[in-house]
Amino acid sequence: MKALAEYVIRHADDNLILAQRLSEYVAHAPELEEDLAIANIALDHLGVATHLLNYAAALIGDDRTGDDLAFLRNEREFTNLLLVEQPNGDFAHIIVRQFLFDAYQHALWPMLSRSTDSTVAGIAGKAAKEAAYHVRHSRGWLIRLGDGTRESHTRTQTAVDDLWRFVDELFAGDDLDTEMATAGIGAAPAQLRAAWDTTVDSVLSEATLSRGAEESVRLGGRTGFHTEHLGHLLAEMQWMQRAYPGLEW
Amino acid sequence: MTVSELFDALEAVVDPEIPVLTIADLGILRDVTENRDGSVVVTITPTYSGCPAMDHLRTEIEQVLLRHGRDRVEVITTFDPPWTTEWMTPEGRDKLTEYGVAPPRLDTAAAIVCPRCSDVSTRLVSEFGSTACKALRVCSSCGEPFDHFKEH
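**Digging into the overall build of chain B**
(1) Moving on: A count of helices and strands for chain B gives four helices and seven strands.
(2) Moving on: In chain B, the succession of helices and strands from N to C terminus is α-α-β-β-α-β-α-β-β-β-β.
(3) Moving on: Taking the principal axes of the C-alpha coordinates as reference, chain B spans close to 60 × 25 × 25 Å.

Written out as structure tokens, the structure reads:
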């Protein structure tokens, strides 16, 4: 597969899988406004994924569409980060997962909006504005929960501790990242780390929370080696197209 | 019909979520061109990444042009430059206010004005409203809740 298509797909997959996770949570949020927020954020991620997958399909140039890439690839062909496929826990867990990822995309999209590839730049330029919204939302909740009651603090710190092993993968990078960054198309993940650290440390501090332990680091999403949760997510997401191929409504 | 007449005809296509606004008011309709063989190419740009209205608009555009005798239509989506609420026409902004939605501001330091009583003291209820493009606010003067079309 062309390198650019592969690069576009990994970012599409991050957004597609997180959109699916957030959609699972719709109608379960602690208050109505929050339910709307989660649904809206899921829609933003789904929109970015759709635009990127359609672009990837055009780049690949066989007869597959963006929808085919979403619904007819197997687990090993998905290259999303492990963080976004982690199952929904309590509300604190969902907010922590979202915040860690929002802070990452908040650093990523502005860089990609300067991509030499005009389609990537255009999609990223739009997504950058949305990511700024998202991080403001998840940041606000993280502070309320962390600096809230003893119960909410404990639950939020537990979520940070649980999810921290997936953080390093956001910045690990591989040969494809290097190739795309060198070509001026992509962003070197390691370059996003400083901005992410600044955002995350200041918010954790305001939320009276601390970083998780730097151990048991998990990698593999970018090469298709996932945690056991992705298969179950795909089973639900892809079921209808697998059972009734080509179904439209 | 000339290309500019076709452009005008496409003004009939309205946003399904905010039916007072046409795709021209919104700045979604970027370009209409005609190929030598008579086929028409319409270029649109999405508003929000996940705006569910885009598929609907694509179909509507084809329908309107079909009614004007053009059956070979290609609708292209462009992302560059990315859409911004700054492209919304002054007429579009006025129509939004009349419709009860506070329009996106050109200067984000300016106050968000209540579309019902024009008072400037309003407060945010939720950053996420009934659609991706709107936030929910309430007027401190008349007490009415209203949507604000967010700057993007």
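We are not done yet, so read on.
**What about the confidence of the model for chain B?**
(1) Moving on: Scored by pLDDT, chain B comes out at a mean of 92, with 100% of its residues at no less than 70.
(2) Moving on: No element of chain B has a lower mean pLDDT than helix α1 (residues 3–9) of chain B, which averages 90, and none a higher one than strand β4 (residues 101–102) of chain B, which averages 96.

**Comments concerning the pairing of strand β7 (residues 145–149) of chain B**
All names here are of chain B.
(1) Moving on: Burial analysis of β7 places four of its five residues in the buried class, which makes it a mostly covered element.
(2) Moving on: Relative to β7, β4 runs parallel, the two sharing two bridges. Each residue of the ladder has a partner; that of V101, found in β7, is D147.
(3) Moving on: Of the strand pairs in this sheet, strand β6 (residues 134–139) and β7 are connected by five bridges, and their pairing is antiparallel. Its bridge partner being in β7, L136 is matched across the sheet by D147.
(4) Moving on: Between β6 and β7, which pair antiparallel in sequence order, lie five residues; one of them, G143, sits at a positive phi of approximately 80°.

**Focus: the domain arrangement of chain B**
All names here are of chain B.
(1) Moving on: Its domain assignment divides chain B into domain 1 (3–83) and domain 2 (89–149).
(2) Moving on: Each partner contributes to the interface: domain 1 provides ten residues, whereas domain 2 provides ten residues.
(3) Moving on: Tallied by class, the residues present in the side of domain 1 that touches domain 2 amount to six nonpolar, two polar and two charged.

**Some remarks on unusual backbone geometry**
It is generally the case that most residues other than glycine have a negative phi and that most peptide bonds are trans.
(1) Moving on: Cis geometry marks the peptide bond from D80 of chain B to P81 of chain B; its omega dihedral reads 0°.
(2) Moving on: Locating P81 of chain B in the fold gives a position in the loop between β3 (73–77) and α4 (90–99).
(3) Moving on: Unlike most non-glycine residues, T208 of chain A shows phi in positive territory, near 55°.
(4) Moving on: Summarising the element assignment, T208 of chain A is placed in the loop between α10 (193–206) and α11 (229–243).
(5) Moving on: Accessibility expressed as a C-beta count within 10 Å gives 13 for T208 of chain A, which makes it partly exposed.

**Quick word on the packing of helix α5 (residues 91–112) of chain A against helix α6 (residues 118–146) of chain A**
Residues and elements named next belong to chain A.
(1) Moving on: The geometry of α5 relative to α6 is characterised by a closest axis approach of 7 Å and an angle of 145° between their N-to-C directions. When the axes of α5 and α6 are compared, the crossing they make is left-handed.
(2) Moving on: Tallied by class, residues from the contact of α5 with α6 come to 19 nonpolar, five polar and two charged.

**Remarks on the environment of G125 of chain A**
(1) Moving on: Within the fold, G125 of chain A resides in helix α6.
(2) Moving on: With 111 residues separating them along the chain, G125 of chain A and E236 of chain A place their C-alpha atoms 31 Å apart.
(3) Moving on: Each residue touching G125 of chain A, except ones within four places of it in the same chain, is listed here: S113 of chain A together with P82 of chain B.

**Quick look at the sheet that holds β6 of chain B**
(1) Moving on: Within the open sheet, the four strands sit side by side as β4-β7-β6-β5 (chain B). Their pairing is mixed. Looking at strand neighbours, the two that pair on one side only are β4 and β5 (122–126) of chain B, the edges of this open sheet.

**Looking at the sheet that holds β3 of chain B**
Residues and elements named next belong to chain B.
(1) Moving on: Spatially, three strands are ordered β1-β2-β3 in an open sheet, and the strand pairing comes out mixed. The open sheet is flanked by β1 (29–34) and β3, the only strands paired with a single partner. Taken over all neighbouring pairs, the strand axes of this sheet differ in orientation by 15° on average, direction set aside.
(2) Moving on: Alignment of β1 against strand β2 (residues 40–44), held across five bridges, turns out to be antiparallel. Across the sheet, D31 pairs through a bridge with T43, a residue of β2.

**A closer look at the interface of chain B and chain A**
(1) Moving on: At the interface, 15 residues of chain B touch 22 residues of chain A.
(2) Moving on: Residue composition of the side of chain B that touches chain A, grouped by class: eight nonpolar, five polar and two charged.

**Considerations on the packing of helix α1 (residues 3–25) of chain A against helix α2 (residues 32–60) of chain A**
How two helices sit against one another is set out by the angle between their axes and by the gap between those axes.
All names here are of chain A.
(1) Moving on: Across the interface, α1 lies against α2 with an axial gap of 7 Å and an inter-helix angle of 155°. Judged by the angle between their axes, α1 and α2 are roughly antiparallel. In this structure, α1 crosses over α2, and the sense of that crossing is left-handed.
(2) Moving on: For the contact of α1 with α2, the residue count by class is 22 nonpolar, four polar and no charged.

**Quick look at the environment of E169 of chain A**
All names here are of chain A.
(1) Moving on: Positionally, E169 belongs in helix α8 (residues 168–172).
(2) Moving on: The spacing of E169 and R114 is 55 residues in sequence and 23 Å in space, taken between C-alpha atoms.
(3) Moving on: In this view, E169 contacts L81, L82, L83, R218, L219 and G221; residues no more than four positions away in its chain are not counted.

Conventions and cut-offs
- Residues numbered from 1 in each chain as written.
- Chains lettered and ligands numbered in written order.
- Predicted model: local features only at pLDDT ≥ 70, side-chain atom pairs only at ≥ 80, totals over all residues.
- Helix = DSSP H or I, 4+ residues; strand = E, 2+ residues; numbered from the N terminus.
- pLDDT = per-residue confidence, 0-100.
- Buried ≥ 20, exposed ≤ 12 C-beta atoms within 10 Å, placed from the backbone.
- Pairing = 2+ DSSP bridges.
- Domains from an automatic or database assignment.
- Contact = placed C-beta atoms within 7 Å.
- Nonpolar A, V, L, I, M, F, W, Y, C, P; charged D, E, K, R; others polar.
- Axes fitted to C-alpha atoms, helices over the stretch in contact; angles between N-to-C directions.
- Left-handed = near helix turned anticlockwise from the far one by under 90°.
- Parallel < 35°, antiparallel > 145°, perpendicular 65-115°, else oblique.

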